[in-house]
Amino acid sequence: MANPSPAKSMGDPGITPLSPSHIQNDTDQVRSEPSFVVVVAIDFGTTSSGYAYAFTKEPECIHTMRRWEGGDPGVSNQKTPTTILLTPDRKFHSFGYAARDFYHDLDPSESKHWLYLEKFKMKLHTTANLSIDTDLHAANGKRVKALDIFAYALAFFKEQALKLSDQTGGDFDNNDVRWVITVPAIWKMPAKQFMREAAYKSGLVSRENPEQLIIALEPEAASIYCRKLRLHQMVDLGTQTTQNGFSPTDNVGSGMTQAAKEHVRRNRQSRTFLVENVIGELWSELEEGDRYVVVDCGGGTVDLTVHQIRLPEGHLKELYKASGGPYGSIGIDYEFEKLLCKIFGQDFVDQFKIKRPAAWVDLMIAFESRKRAAAPDRTNPLNINLPFSFIDYYKKFRGHSVEHALRKSNVDFVKWSSQGMLRMSPDAMNSLFKPTIDHIIQHLTELFEKPEVSNIKFLFLVGGFAESPLLQQAVQNMLQGRSRIIIPHDVGLTILKGAVLFGLDPSVIKVRRSPLTYGVGVLNRFVEGKHPPEKLLVKDGTRWCTDVFDTFIAADQSVALGEMVKRSYTPAKPSQQVIVIHVYCSERENVSFISEPGVKKCGTLRLDVSGTESTALRREIQTLMQFGDTEIRAMAVDVSTGRTVKASIDFLSH
């Protein structure tokens, strides 16, 4: 039985298509771009975040933020951990290393009142019915509004980036900045909209100027950067034997002008990368129609996109809708936590995290640096420092020592070393990686079986997790030479640099795949035998079929950037004063009725047509939807009066 009919219950007289309905693609409309002085991209990651910027007058110089204070041993500090600390009265205190270190130095009696959050970005991906009111849990178990936390984080980056205007001597304020925030391509629309709402709340941009902020897709940004790669800026896994030899080659090209060299010297507090205004050597091997895959392996998610080259400008076309899942490197942290639970008991680990949250953070930092030392050919064990308070609290909790727990647990590949460390054999460490890497490989295998994904020339491995030799080896084994695997140097910054390039020229991506099917709810003339009888609605002697889903665009259909789809409707009842058009979406490609399962209402257009008695026999209401950006815009026009109403599609209200 279908859902009860929404149209009957809402009592909306509704609209009916004016035949013939036509699609008009106004892709030639050039939107006038406002002028920005600087583009600032924020890579808001699950585990770490950062920003980079470029001035529009020197687009080949991309600056990434300077080294952060308080970095970790063995971890490059181009980015700062995505951690945030609020005071006991819920005011923003600090972000990144500063938040972590301050929290860590608090007395335990005090720290339990402070709100510390980390790895919270995944909540936007995993929450099924995300809304403006979604909560997050701080380390001490207290709840906070996710929107506040995201807004605080963006406000922090805004402040950091606007300090640049003092340092660079360039005089600019927030209105001169085009902001770019990157999100995973597999995020659903509510999560993407949530980011924009957080940006409005943080004062990054205002609702009046939405075009000042671009929401960019992470693998797309990576793709744009990879086009510029020179041979000395990447590792080609096929031709290279040492897996770990990521030589941090100097990014400063030899063919630089004196002025550019001077610029690099001047900006010592930030690292400057010169992206030469050429297409990289690798790219010049690509021919029209060549295909490549970008595998973006981050902390939380793994995103796969398939792109095709369109010459002469080298624009990109998305061939297959983004896929992937929550298979980022934090999966390894969860496996480590499961291992600790197996040895010391779930009850202890849960208590320890709440009672000694700072020590738990310490333990995970210690694990992080050893995690980065894991490699396929490693033979010597990895030692993980157990914080003193872990050993101490365990003894109080259980009445026996950590050493005793390890001896009596049946986990034979983790030993206790006399210096107070957990000693893991390389196999033990590799087994923590296995579930996450297996997911990625399984996903890649399925992707490569799709007909759209044949003859892939290159596979770009990007994102922080791409540095893992275990992951690199697994991808190599899976591909068996079918594609060349390319890993850019500074692989964790690939997305950031690409996002800046995207902000400088957003039109570089010309064709995307729509992740959803969009349409509006309409009334059609009832046809016996074709329409289900329960959809029959008789109004003023006319027999209507209700709840018809009139599709504007189907899931996985190609959409050109800025493409407009236009439909004409007329009020079902000529005397209507207000016309209400409901916009619906679904993940399924073929939708006939808005009452089908999985169809969600995601926007409403209300057009007041009162006081303008149209002389025309049938009043024409045009509905337009513009696709192709990460956001979708809708508008309705009363043709006889020229009255228009606009709406952004809303995925967050339920």
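Reading the values: the criteria
All residue numbers refer to position in the chain's written sequence, counted from 1. Whole-chain, interface and lining totals are the exception, using all residues; otherwise, since this is a predicted model, local features are given only for residues with pLDDT of at least 70 and side-chain atom pairs are given and counted only at 80 or more. As a convention, hydrogens and water are excluded, and side-chain values are obtained from all of the structure's heavy atoms. Think of it this way: any DSSP run of H or I at least four residues long counts as a helix, any run of E at least two long counts as a strand, and we number them from the N terminus. Should any heavy atoms of two residues lie within 4.5 Å, those residues are considered in contact. We call two N or O atoms a polar contact when they sit within 3.5 Å, provided that within protein one can donate a hydrogen and the other can accept it, with sequence-adjacent residues counted only if both atoms are side-chain atoms. Grouping buried Ala, Val, Leu, Ile, Met, Phe, Trp, Tyr and Cys residues that are joined through side-chain atoms within 4.5 Å yields what is termed a nonpolar core. The cut-offs for exposure are 20% and 50% of the maximum accessible area for each residue type, with area from a 1.4 Å probe on protein chains only; residues under the lower value are buried, those over the upper are exposed, and the others partly exposed. One less than the residue count of a helix, multiplied by 1.5 Å, gives the span that helix is expected to have. Bend at a given residue is defined as the angle between two axes, one fitted to the seven residues that end at that position and one fitted to the seven that begin there. When DSSP locates at least two bridges between a pair of strands, those strands are taken to pair. To obtain each axis, a line is fitted to C-alpha atoms, and for helices this fit is confined to the stretch in contact; angles are then taken between N-to-C directions over 0 to 180 degrees. pLDDT expresses, on a scale from 0 to 100, how confident the predictor is about each individual residue. Oblique is the label for any angle not under 35 degrees, not over 145, and not in the 65 to 115 range, which are roughly parallel, roughly antiparallel and roughly perpendicular in turn. In this classification, the charged set is Asp, Glu, Lys and Arg, the nonpolar set is Ala, Val, Leu, Ile, Met, Phe, Trp, Tyr, Cys and Pro, and all remaining amino acids, among them Gly, are polar.

Participant: Explain the environment of Asp 347 to me, please; I cannot follow it from the model alone.
Facilitator: One can find Asp 347 in helix H12 (residues 346-355). For the pair Asp 347 and Phe 397, spaced 50 residues apart in sequence, the C-alpha to C-alpha distance is 9.8 Å. If sequence neighbours within four positions are ignored, Asp 347 has contacts with Phe 397 and Arg 398. In terms of polar contacts, Asp 347 uses its side chain to reach the side chain of Arg 398, at 2.7 Å.

Participant: Just to check I follow, could you spell out the nonpolar core for this structure?
Facilitator: For soluble globular proteins, the rule of thumb is that nonpolar side chains tend to be buried together. Counting 99 residues, the largest nonpolar core has Phe 336 and Phe 344 as the members making the most contacts within it. Sort the elements by how many residues they give to this core and helix H16 (residues 426-448) lands first, with 10 residues. When near neighbours in sequence (up to four residues on either side) are disregarded, Phe 344 contacts Phe 390, Tyr 394, Arg 398, Val 402, Ala 405 and Leu 422. One finds Phe 120, Leu 154, Val 183 and Ala 198 within the second-largest nonpolar core, a separate group that totals 48 residues.

Participant: Before we go on, may I ask you to explain H16 in this structure?
Facilitator: Because the α-helix completes a turn every 3.6 residues, residues three or four places apart line up on one side. The end-to-end C-alpha distance of H16, which contains 23 residues, comes to 31 Å, matching closely the 33 Å that a straight helix rising 1.5 Å per residue would cover. The largest bend along H16 measures about 40° and falls at Lys 434, with the proline Pro 435 one to four residues further on.

Participant: Could you clarify how one ought to interpret the sheet that holds strand E19 (residues 414-417) in this entry?
Facilitator: Strand pairing in a sheet is mediated by backbone hydrogen bonds. Such pairs are either parallel or antiparallel. An order of E18-E20-E19 is seen for the three strands of this open sheet, with the pairing classed as antiparallel. The open sheet has two edge strands, strand E18 (382-385) and E19, and neither has a second partner. Averaged over all neighbouring strand pairs, the angle between strand axes comes to 30°, with direction disregarded. Across four bridges, E19 lies against strand E20 (residues 421-424) in antiparallel orientation. Bridge pairing in E20 links Ser 417 to Met 421. Relative to the sheet, H16 contacts E18 and E20, its axis offset from that of E20 by approximately 85°.

Participant: Got a minute to help me understand the confidence of the model for the chain in this structure?
Facilitator: Low pLDDT means the predicted coordinates in that region are not meant to be read closely. With 83% of its residues at a pLDDT of at least 70, the chain reaches an overall mean of 81. Under a pLDDT of 50 for its full length, residues 20-32 has, in the predicted model, 20 contacts with residues more than four places off or in other chains. Scored below 50 in pLDDT, residues 240-270 makes 46 contacts in the model with residues more than four places away or belonging to other chains.

Participant: Even after reading the chapter, I still don't get the packing of H12 against helix H13 (residues 357-371), so can you show me in this structure?
Facilitator: Geometrically, a packed helix pair is captured by the angle between its two axes and the distance between the axes. The N-to-C vectors of H12 and H13 enclose an angle of 110°; their axes lie 5 Å apart at closest approach. In terms of orientation, H12 lies roughly perpendicular with respect to H13. Contacts from Val 349, Phe 352, Lys 353, Ile 354 and Lys 355 in H12 reach Pro 357, Ala 359 and Trp 360 in H13. In the contact of H12 with H13, the residues fall into six nonpolar, no polar and two charged.

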